[in-house]
Amino acid sequence: ERRQQQPVVPVVEAPDEALCPGPRAQNAPQPPLDGEDCPICMDSLTDGAPLTYCPKTCGNWVHVRCLKEYAEHTAPREAKCPLCRDAWGGVELIQACKARLRREAAQPM
């Protein structure tokens, strides 16, 4: 069985509204606690990597890099939260993840 090639999503400046946290949503959870793991990669959420949370329903945290890979894998369908399964976003979500990761990489440590 041959896998379909995933569509290429261009890197553009995308608004943070597609990716939380930007402006803090009403359901925004408290920052993750030590010992909490990303539900996608199962690595610690307190490892210093950029984070976002489900803006729709559950408010659970994930790594931005994990969400980007997950959303690219599900494209062209809209990505769903891996925990509550609420729709999270499509191309705009991938673009927002790429933009956030690029901004984080450009910041001096």
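Everything here concerns the structure above.
About the cut-offs
- Residues numbered from 1 in each chain as written.
- Predicted model: local features only at pLDDT ≥ 70, side-chain atom pairs only at ≥ 80, totals over all residues.
- Heavy atoms only, no water.
- Helix = DSSP H or I, 4+ residues; strand = E, 2+ residues; numbered from the N terminus.
- Contact = heavy atoms within 4.5 Å.
- Buried < 20%, exposed > 50% of the residue type's maximum accessible area, 1.4 Å probe, protein only.
- Phe/Tyr/Trp six-rings, centres within 6.5 Å; stacked < 30°, edge-to-face > 60°.
- Salt bridge = Lys/Arg side-chain N within 4 Å of Asp/Glu carboxyl O.

(A) How the structure looks around the environment of A79. Position of A79 relative to the elements: it lies in strand β3 (residues 79-80). Separated by eleven residues in the primary sequence, A79 and K68 place their C-alpha atoms 9.6 Å from one another. Once residues within four sequence positions are removed from consideration, A79 is found in contact with Y70, A71, T74, D86, A87, W88, G89 and L93.

(B) Region of the structure containing helix α1 (residues 64-74). Where α1 is concerned, the buried positions are V64, C66, L67, K68, Y70, A71 and T74. Considering only its buried residues, α1 is in contact with β1 (51-53), β2 (61-63), β3, β4 (87-89) and α2 (91-106).

(C) Examining the packing of aromatic side chains more closely. Counted under the stated rule, the structure contains one aromatic pair. Arranged with centres 5.2 Å apart and planes meeting at 70°, the rings of Y53 and W61 form a pair that is edge-to-face.

(D) Summary view of the pattern of salt bridges. Taken as a whole and judged by the stated rule, the model has three salt bridges. Its salt-bridge partner being K68, residue E72 comes within 3.2 Å of it at the nearest N-O pair. With E72 and K68 both in helix α1 and four residues apart, this pair spans about one turn of that helix. The exposure class assigned to E72 is partly exposed, which follows from its relative accessible area of 23%. Ionic pairing is found between E72 and K98, a salt bridge with its closest N-O pair at 3.6 Å.

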